Amino acid sequence: MIKIEGSGIGFIDVMDLDIKQDLKKKIKKHLLDLIIDCSKTIPDKSFLSEIRSFQKTHNRCFVIIIPIEKKIYYPESWDLVPTKQEALDFISFEQIQRELGF
């Protein structure tokens, strides 16, 4: 369900989700920077908001892969990117900043 995509980065394809509650438990168990791929289907905004809030509370990144035309439905403060590579790059940069104390 959560694939490890590098140093401390978890990747989830929302199409693979069966039980959202199970995902929440796994996220809380493994503190990772997290990418959720919503390029094919988009879950409830409240579900994404809850995960985002948890990640932020624990000083972890949360990046959503979403088509560019869907970005307008989300707050500008959310980290939304159109591709997996951009999500990985974004988190890698954030991890470097965290290590440097920014």
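The model shown is predicted, which means the values in this text are computed figures rather than measured ones.

**Q** What is the right way to look at the environment of methionine 15 in this model?
**A** Along the chain, methionine 15 turns up in the loop between strand S2 (9-13) and helix H1 (20-29). Once residues lying within four places of it in the same chain are set aside, the contact partners of methionine 15 are Lys40 and Thr41.

**Q** Mind showing me how you'd approach the packing of aromatic side chains here?
**A** This structure, assessed with the given rule, holds one aromatic pair. Sitting over the ring of phenylalanine 11, lysine 84 keeps its end group 4.2 Å from the ring centre.

**Q** Would you explain the side chain of aspartate 37 in this entry?
**A** With respect to the helices and strands, the residue aspartate 37 is situated in strand S3 (residues 33-37). Buried charge without a salt bridge: aspartate 37, with lysine 40 as the nearest opposite-charge side chain at an N-O distance of 5.3 Å. For aspartate 37, the side chain forms a polar contact with the side chain of serine 39, separated by 2.6 Å. For aspartate 37, the residues in contact, after removing those within four places along its chain, are Phe11, Ile12, Asp13, Val14 and Ile65.

**Q** When you look at the sheet that holds S2 in this model, what are you seeing that I'm missing?
**A** In space, the five strands of this open sheet follow the order S1-S2-S3-S4-S5, with mixed pairing throughout. With partners counted over all chains shown, the strands left at the sheet margins are strand S1 (3-4) and strand S5 (79-81), one partner each. As defined by bridge partners, strand S4 (residues 62-65) adjoins S5 across three bridges and the pair is classed as parallel. Within S5, the position partnered with isoleucine 65 by the bridge is valine 81. Those strands touched by helix H3 (residues 84-100) are S2, S3, S4 and S5, and its axis lies near 165 degrees from that of S3.

**Q** Teacher, can you tell me more about the nonpolar core here?
**A** One broad rule of soluble globular proteins: the nonpolar side chains tend to lie buried together. Core analysis: the biggest nonpolar cluster contains 18 residues, and Leu23, Leu34, Ile36, Leu48, Ile51, Phe62 and Ile64 have the highest contact counts within it. Counting only elements with at least two residues in this core, the list comes to H1, S3, helix H2 (45-57) and S4. At four residues, H2 tops the list of elements feeding residues into this core. Excluding its chain neighbours within four sequence positions, the residues that come into contact with leucine 23 are Met1, Ile2, Ile12, Leu17, Phe47 and Ile51. Formed by 10 residues, the second largest nonpolar core is a distinct cluster that contains Cys61, Val63, Ala87 and Leu88.

**Q** Teacher, can you tell me more about H2 here?
**A** Note that an α-helix has 3.6 residues per turn; residues three or four places apart therefore point the same way. Counted at 1.5 Å a residue, the expected span for H2 with its 13 residues is 18 Å, and the 18 Å between its end C-alpha atoms agrees. When we look at burial in H2, the residues that qualify are Phe47, Leu48, Ile51, Phe54 and Gln55. On an axial view of H2, the arc spanned by its buried residues comes to 125 degrees, and they lie on one face. Exposed residues on H2 whose side chains face more than 90 degrees from its buried face are Ser46, Lys56 and Thr57. One or two residues past the end of H2 sits asparagine 59, with phi positive at roughly 55 degrees.

Basis of the calculations
- All chains use their own residue numbering, which begins from 1 and follows the written sequence.
- Owing to the predicted nature of the model, reporting of local features is limited to residues with pLDDT of at least 70; listing and counting of side-chain atom pairs is limited to 80 or more, with chain, interface and lining totals taken over all residues.
- For side-chain calculations, the full set of non-hydrogen atoms in the structure is used, while hydrogens and water are omitted.
- The helix and strand labels rest on DSSP assignments: H or I over at least four residues marks a helix, E over at least two residues marks a strand, and numbering proceeds from the N terminus.
- Whether two residues are in contact is decided by their heavy atoms, any of which lying within 4.5 Å being enough.
- Between the rings of Phe, Tyr and Trp (Trp by its six-membered ring), a pair exists once the centres lie within 6.5 Å; its type follows the angle of the planes, with under 30 degrees stacked, over 60 edge-to-face, and the other angles tilted.
- Definition used: whenever NZ (Lys) or CZ (Arg) falls within 6 Å of the ring centre and also within 35 degrees of the ring normal, the charge is taken to sit over that ring.
- Classification of residues uses two cut-offs on accessible area relative to the type maximum, computed with a 1.4 Å probe and protein chains only: under 20% is buried, over 50% is exposed, and between them is partly exposed.
- In this count, Lys and Arg are taken as positive residues and Asp and Glu as negative ones, while His and the chain termini are left out.
- Within this document, salt bridges are pairs made up of a side-chain nitrogen of Lys or Arg and a carboxyl oxygen of Asp or Glu, the two lying within 4 Å of each other.
- Pairing of N or O atoms within 3.5 Å defines a polar contact, subject to two protein rules: one partner must be a possible hydrogen donor and the other a possible acceptor, and residues neighboring in sequence count only if both atoms are side-chain atoms.
- Should DSSP find at least two bridges between two strands, the strands are taken to pair.
- Whenever a helix is involved, its axis is fitted only over the stretch in contact; in every case the axis is a line through C-alpha atoms, and angles between N-to-C directions fall within 0 to 180 degrees.
- Put simply, a nonpolar core is a bunch of buried Ala, Val, Leu, Ile, Met, Phe, Trp, Tyr and Cys residues held in one set by side-chain atoms that sit within 4.5 Å of each other.
- Given a helix with a known number of residues, its expected span is that number minus one, times 1.5 Å.
- Think of the arc as the fan of directions from the helix axis to the C-beta atoms.

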